[in-house]
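Listed here are the chains, written in short residue letters.
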Amino acid sequence: MSPPPPPLGRARKRDAQLFDPALCDAELVDVRSQFTQGRWARARALLVGTGDDWDRRGHRVVVLAQTPAATAWAREWLLAEPESADAATLLACAAVFAALRQKGSPAAAEEACRRAAALFPADPTPWLGLLLLSRAFGGDEEFSRHFDQVRARHREHHHAHHLMVAKLAERALGSGQDPLHEVYDFASWAAEESPADSPLAVLPVVAHAERYRVLAATHGHSPESAAAHWAGRRARQVLRAAFDWWLEWERDDHPRNRVDLNFLAHAKLCEGRPAEAAALFHRIGSHATRAPWSYPDRDPQKAFLAARGVALGTA
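Residues numbered from 1 in each chain as written. Predicted model: local features only at pLDDT ≥ 70, side-chain atom pairs only at ≥ 80, totals over all residues. Heavy atoms only, no water.

Engineer: Give a detailed account of the pattern of salt bridges, specifying residues and quantitative values.
Structural biologist: Opposite charge on two side chains permits pairing when their charged atoms draw close. Inspection of the entire model under this criterion finds 28 salt bridges. A salt bridge links Arg 171 to Asp 140; its shortest N-O distance comes to 3.6 Å. Taken as a pair, Arg 171 in the loop between helix H10 (158-168) and helix H11 (182-193) and Asp 140 in helix H9 (residues 140-153) lie far apart in primary sequence, 31 residues in all. According to the relative accessible area criterion, Arg 171 is partly exposed, its value standing at 24%. (Salt bridge = Lys/Arg side-chain N within 4 Å of Asp/Glu carboxyl O. Helix = DSSP H or I, 4+ residues; strand = E, 2+ residues; numbered from the N terminus. Buried < 20%, exposed > 50% of the residue type's maximum accessible area, 1.4 Å probe, protein only.)

Quick look at the structure:
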């Protein structure tokens, strides 16, 4: 049986931390606070200690790269250690996020990512940076090439697969509620190609949420259209399979597992199963993610809190 919801005062205190991209990585949160003040030695130790845990490395680099003055501090680190692949990768990803905020040049960010990739050829993280960059500025062919480079280095790369699903969901807008849309086929293929304990088992649910985002933005959103999207036979099958996977495997050790739990909780509510969503909300805690609660064009905090209230019976 799920534990009772937390007292209201504690919930409000925890809600102040909603949408922190660090999620449940407490070590990363501590290092990030020092990195923002220019103390990059802890960031260095963190990335060295992460080793070739590629999903965790990508998660940590992306979070650090989004901090204020990340470019300046990473550049200082690289000046001190010119051959450091960690410093070069962090600087490259900081350049990517600067370009995404229209504060830097996409061409310069691409060059930085390629320099970092040359320093550490086995690392998929610079290619993740290029994937993020081509998601915003590149074409389909370039995006697919960068995805292939990430997957060649880590076949189950979590962040890269989520980006690919979001990209594929935006194709063939006129096909509407097509159960054979390529995003569903890709997600099913990736899940089936992965080991039994892989979090990519939840990817088909992510595909349905991303396709819903696109269809709602294109054709308009209504409670009826939302219900129809999540009531189809294929949607019910993937939701049941993903929830069963979570009950059996629950990869709480994965650095981005709260991303999956948010997508699964959102889908369970859309499916009309608040009791199952409640169990997921207890595991999510304060680690909400903007996607999919912002779909379609919603305030993610209001949407998350309202959904949690419905599931936990505190609305």
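The rest of the description comes next.
Engineer: With reference to specific residues and values, describe the packing of aromatic side chains.
Structural biologist: Applying the stated criterion across every chain yields a total of 8 aromatic pairs. Measuring from centroid to centroid gives 5.7 Å for Trp 40 and Trp 77, while their planes differ by 10°, and the two rings are stacked. In this pair, Trp 40 sits in the loop between helix H2 (26-35) and helix H3 (41-50) while Trp 77 sits in helix H5 (residues 70-80), placing the two residues 37 residues apart along the sequence. This pair shows no difference in class: Trp 40 is buried, exactly as Trp 77 is. Aromatic ring contacts, followed pair by pair, group Phe 147, Phe 186 and Trp 189 into a single cluster. The ring centre of Phe 143 lies 5.5 Å from the NZ or CZ of Lys 167, which sits over that ring. If you follow Arg 213 out to its NZ or CZ, it ends over the ring of Tyr 295, 5.7 Å from the centre. (Phe/Tyr/Trp six-rings, centres within 6.5 Å; stacked < 30°, edge-to-face > 60°. Lys NZ or Arg CZ within 6 Å of the ring centre and 35° of its normal.)

Engineer: For the side chain of His 181, give the residues involved together with the corresponding values.
Structural biologist: Checked against the element boundaries, His 181 lands in the loop between H10 and H11. Of the polar contacts made by the side chain of His 181, one reaches the side chain of Arg 211; its length is 3.3 Å. (Polar contact = N/O pair within 3.5 Å; in protein donor to acceptor, adjacent residues only side chain to side chain.)

Engineer: Requested: an account of unusual backbone geometry, with residues and values cited.
Structural biologist: Note that the residue after Ala 291, namely Pro 292, is joined by a cis bond; omega there is 10°. That bond from Tyr 295 to Pro 296 is cis: its omega, -15°, falls within 30 degrees of zero. Considering the arrangement of structural elements, one finds Pro 296 in the loop between helix H17 (290-293) and helix H18 (300-312). Positive phi values are uncommon outside glycine, yet Phe 19 reaches one of about 70°. When you line up the elements, Phe 19 lands in the loop between helix H1 (8-15) and H2. A residue is classified by how much of its surface remains accessible, and Phe 19, at 12% relative accessible area, is buried. In this model, Glu 250 sits at a positive phi of 30°, which is unusual for a non-glycine residue. For Glu 250, the location among the structural elements is in the loop between helix H14 (233-249) and helix H15 (257-271). Classification of Glu 250 as partly exposed rests on a relative accessible area of 27%.

Engineer: Give me the nonpolar core: which residues, what numbers.
Structural biologist: In this structure, Leu 90, Val 165, Trp 246, Leu 264 and Phe 281 are the most contacted members of the largest nonpolar core, which totals 91 residues. Per-element tally for this core: the top contributor is helix H6 (residues 85-100), with 11 residues. Setting aside residues up to four positions removed in sequence, Leu 264 forms contacts with Val 205, Leu 239, Ala 242, Phe 243, Trp 246 and Leu 280. (Core = buried A, V, L, I, M, F, W, Y, C linked by side-chain atoms within 4.5 Å. Contact = heavy atoms within 4.5 Å.)

Engineer: Let's hear about the confidence of the model for the protein: which residues, and what values?
Structural biologist: Here the protein averages 92 in pLDDT, and 92% of its residues register 70 or above. Below pLDDT 50 for its whole length, residues 1-12 participates in 10 contacts with residues either more than four positions away or in separate chains. (pLDDT = per-residue confidence, 0-100.)

Engineer: Residue-level account of the state of the cysteines, with values.
Structural biologist: In the structure shown here, the tally under the stated rule is 0 disulfides. Cys 93 carries a free sulfur, and the closest cysteine sulfur to it, the one in Cys 113, is 5.5 Å from it. (Disulfide = S-S within 2.5 Å.)

Engineer: I'd like to hear about helix H8 (residues 125-137), residue by residue, with values.
Structural biologist: The terminal C-alpha atoms of H8 lie 18 Å apart, and with 13 residues this matches the ideal 18 Å at 1.5 Å per residue to within 8%. Most of H8 sits out of view: 10 of its 13 residues are buried. Inspection of H8 places Thr 125, Pro 126, Trp 127, Leu 128, Gly 129, Leu 130, Leu 131, Leu 132, Leu 133 and Ser 134 among the buried residues, and these make up the whole buried set. As for H8, its buried residues are in contact with helix H4 (54-65), H6, helix H7 (106-119), H9 and H10. (Expected span 1.5 Å × (residues − 1).)

Engineer: Which residues make up H15, and what values go with them?
Structural biologist: Its 15 residues give H15 an end-to-end C-alpha distance of 21 Å, which sits within 8% of 21 Å, the value for a rise of 1.5 Å per residue. In terms of burial, H15 is a largely internal element, 12 of the 15 residues being buried. Of the residues making up H15, those classed as buried are Asn 257, Arg 258, Val 259, Asp 260, Leu 261, Asn 262, Phe 263, Leu 264, Ala 265, His 266, Ala 267 and Lys 268. Looking one or two residues past H15, Gly 272 carries a phi angle of roughly 90°, positive in sign.

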